[in-house]
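# Observations on chain architecture
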Amino acid sequence: MERSGSGRGGGRGRRSPSTPPVVVGKEQCGCVRGSEEKNQPQNSSPDSHSDSDSVGIGVAKLNICDDVDKPLSSAAAAVGEGGFDICPRKQPGIVVLNPSLLVKNRERRRSSNSNSNSLLLRPGMVLLRGYLSLSDQKKIVERCRELGVGVGGFYQPGYGEGIEMHLKMMCLGKNWDPLTSQYGEQRPFDGAKPPLIPPEFLTLVSNALRDSNALFPHNNLPSISPDICIVNFYSQTGRLGLHQDKDESTDSLRRGLPVVSFSIGYSAQFLYGDDRDPDKAQKLQLESGDVLIFGGPSRNVFHGVTAIDKASAPNLLQHINLRPGRLNLTFRQY
Ligand SMILES: O=C(O)CCC(=O)C(=O)O
Ligand SMILES: [Fe+2]
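Attention here is on the structure that accompanies the text. Just so you know, these numbers come straight off a predicted model, no measurement behind them. (Residues numbered from 1 in each chain as written. Chains lettered and ligands numbered in written order. Predicted model: local features only at pLDDT ≥ 70, side-chain atom pairs only at ≥ 80, totals over all residues. Heavy atoms only, no water.)

### Description of the overall build of the protein chain
When helices and strands are counted, the protein chain shows 8 helices and 16 strands. Counting the 334 residues in the protein chain, one finds 56% classified as buried. Sequence-distant contacts in the protein chain: of pairs separated by 6 or more residues, those separated by 24 or more amount to 77%. With the model as given, the accessible surface of the protein chain reaches about 14,000 Å², and the carbon-plus-sulfur share is 52%. (Helix = DSSP H or I, 4+ residues; strand = E, 2+ residues; numbered from the N terminus. Buried < 20%, exposed > 50% of the residue type's maximum accessible area, 1.4 Å probe, protein only. Contact = heavy atoms within 4.5 Å. Areas by Shrake-Rupley, 256 points an atom, 1.4 Å probe, with all protein chains shown as cover.)

### Regarding helix H6 (residues 199-215)
Spanning 17 residues, H6 covers 24 Å between terminal C-alpha atoms, matching the ideal 24 Å at 1.5 Å per step. As for H6, its buried residues are in contact with strand S3 (125-128), helix H5 (134-148), strand S6 (168-172), strand S11 (259-265), strand S14 (291-294) and strand S16 (326-332). (Expected span 1.5 Å × (residues − 1).)

### Observations concerning the coordination of the iron ion (ligand 2)
Taken together, His243 (NE2), Asp245 (OD), Asp245 (OD) and His303 (NE2) make up the full set of protein donors to the iron ion (ligand 2), lying 2.1 to 2.8 Å away. One way to put it: the 6 donor atoms around the iron ion (ligand 2) meet at angles of 51 to 174°, and that makes the site irregular. Considered as a linear motif, the donors of the iron ion (ligand 2) on their single chain read H-x1-D-x57-H. Residue histidine 243 is located in strand S10 (residues 240-243), and its partner histidine 303 is located in strand S15 (residues 302-309); the two are separated by 60 residues in the primary sequence. Of the residues examined, histidine 243 reaches a relative accessible area of 1% and is grouped as buried. (Donors = N, O, S within 2.8 Å, 3.2 Å for Na, K, Ca; no water. Tetrahedral: all angles 85-135°; square planar, octahedral: opposite > 155°, others 65-115°.)

### Brief notes about the sheet that holds S10
Taken in spatial order, the 4 strands make up an open sheet running S10-S15-S12-S13, and their pairing is antiparallel. The outermost strands of the open sheet, each flanked by one partner alone, are S10 and strand S13 (282-286). Between one strand axis and the next, the sheet turns through 25° on average, direction left out of account. (Pairing = 2+ DSSP bridges. Axes fitted to C-alpha atoms, helices over the stretch in contact; angles between N-to-C directions.)

### With respect to the packing of aromatic side chains
Applying the stated criterion to the full structure yields 7 aromatic pairs. Seen from their ring centres, phenylalanine 84 and phenylalanine 233 are 5.5 Å apart, and the 45° between their planes marks the pair as tilted. With phenylalanine 84 in the loop between helix H3 (74-78) and helix H4 (101-117) and phenylalanine 233 in strand S9 (residues 228-234), this pair connects stretches of sequence that are 149 residues apart. Per residue, the accessibility class of phenylalanine 84 equals that of phenylalanine 233, and both read buried. Taken together, the ring pairs connect Phe84, Phe154 and Phe233 into an aromatic cluster. Here the guanidinium or amino end of lysine 174 rests over the ring plane of tyrosine 334, the centre of that ring lying 5.9 Å away. (Phe/Tyr/Trp six-rings, centres within 6.5 Å; stacked < 30°, edge-to-face > 60°. Lys NZ or Arg CZ within 6 Å of the ring centre and 35° of its normal.)

Listed below in structure tokens is the structure:
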């Protein structure tokens, strides 16, 4: 997938290597999210995000956000300190509650309405609202946590020259390198091989595609055998610029093999459209449990996350044991 200043790398919402970085942050910290907000005009358009879901920084850095209490930088990951932990630190004496009635009711409502709330957003693009059950979400968080703190786990990705993405990332199956916008078998910065995609994730992906095709038979999308899963963790100030996922093989793109995306935790303001201009993009709130699919004629759709909605899931995070923020998994076939 390409993620440039517009996609990852060249496409996935990330800066293309040839684009000079726009330095908007000044603090000597990988976690420049706070400063970034201060440095942005109040009325700055989401475009400023897409130009840079990344921020310039001067020196080697540690993430010391108040919502990210475990320092980690690419350099730290490279020396094997262990990955970023997406679960909150256990606090002695704090008992994890069973899901409150509120959360349970919301879950019941959403799953019973799941079919009727599902949407064909445009040809090739389907939203399965509330598709993942609470227990699936919980298991996904748990598994991503285990993998994320191990070898090849979460790290702070960047484009070089001190430009960091506004999220933590872990690749499963194959590694996607933000510096080159290419896939490989191991991470160039520490040689780690990405962990395998857990088989239970693959089952969920294949069920989601099957159910999407059953709901929207005129929008039949090919099934996939995902060999890549990019897991992003967005803190409360995380985001990702408008981009296309187009670093997969020419054959995969030509066949319109769908990308399947799981959202867990806080909701995201998601944009999608036919070009890189956020003003022309459609807006969508992606909520915990939603599955978004884009393939066929929408395989090259521009998309990105402009904001994380901190007020969106009271009680939920505690139940699924996720640190304040949002977990997103995108499955692709190379
Ligand atoms: O977080 C999301 O919903 C989108 C993630 C994405 O577009 C990507 O990882 O390429
Ligand atoms: Fe993407």
